[in-house]
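# Structural overview for review
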Amino acid sequence: SPVKLVHFSEQGNWLAAMGGSSILVLPVGLDSKVDAPTVCRTHGQTASDGCDGTCKRFLSFMWPSSEEHEECMLFAIDESLEFYIFDVTKTDQGWPKRSFPLSTIE
């Protein structure tokens, strides 16, 4: 899916781009030869193989105010209006790294 939304975090240390069922997150200064980017997704399978996926498609996301939350927190909402909270530093060790929601609010 095409990129529909791009935002820097409040302090400018993270850049996120949303498209379809993924939010790609990059720390500023990422060395792409050494560091993997992070992909935030809901649980399930993507539709990248041409079949219908089970990951939810995002409508929007935002970086919360760093006065109230750590800058690594990212909030997102999907097509069914479920709300997700991600900590982009909590990932698996894949390439790219995957971050799953810490919490989901229906």
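In short, a report on the structure. Model, not experiment: these values are computed from the prediction.

Procedures and definitions
Residues numbered from 1 in each chain as written. Predicted model: local features only at pLDDT ≥ 70, side-chain atom pairs only at ≥ 80, totals over all residues. Heavy atoms only, no water. Helix = DSSP H or I, 4+ residues; strand = E, 2+ residues; numbered from the N terminus. Buried < 20%, exposed > 50% of the residue type's maximum accessible area, 1.4 Å probe, protein only. Lys, Arg positive; Asp, Glu negative; His and termini not counted. Salt bridge = Lys/Arg side-chain N within 4 Å of Asp/Glu carboxyl O. Pairing = 2+ DSSP bridges. Axes fitted to C-alpha atoms, helices over the stretch in contact; angles between N-to-C directions. Phe/Tyr/Trp six-rings, centres within 6.5 Å; stacked < 30°, edge-to-face > 60°.

## Examining the side chain of Asp-87
On the secondary structure map, Asp-87 appears in strand E7 (residues 83-87). With no salt bridge to any partner, buried Asp-87 finds its closest opposite charge in Lys-90, at an N-O distance of 4.3 Å.

## Focus on the sheet that holds E7
The strand order E5-E6-E7-E9 describes an open sheet built from four strands, whose pairing is antiparallel. Edge strands, defined here as strands with exactly one partner in the open sheet, are strand E5 (58-62) and strand E9 (103-105). Direction aside, the axes of adjacent strands within the sheet are offset by 20° on average. Bridge count for E5 against strand E6 (residues 73-78) is four bridges, and the pairing is antiparallel. Bridging from a neighbouring strand, Phe-58 pairs with Asp-78 of E6.

## Some remarks on the pairing of E7
Burial analysis of E7 places four of its five residues in the buried class, which makes it a mostly covered element. As paired strands, E6 and E7 are joined by five bridges and run antiparallel to one another. Its bridge partner being in E7, Ile-77 is matched across the sheet by Phe-83. Counting the residues in the hairpin turn of E6 and E7 gives four residues, including Leu-81, whose phi is positive at 65°.

## A closer look at the packing of aromatic side chains
The full count for this structure, using the stated rule, is four aromatic pairs. For the ring pair Phe-58 and Phe-86, a centre distance of 6.2 Å and an interplane angle of 70° mean the geometry is edge-to-face. In this pair, Phe-58 sits in strand E5 while Phe-86 sits in strand E7, placing the two residues 28 residues apart along the sequence. Judged by its relative accessible area of 0%, Phe-86 is buried. Counting every residue linked through ring pairs, the aromatic cluster contains Phe-58, Tyr-84 and Phe-86.

Purely geometric stuff here, so don't read any function into it on its own.
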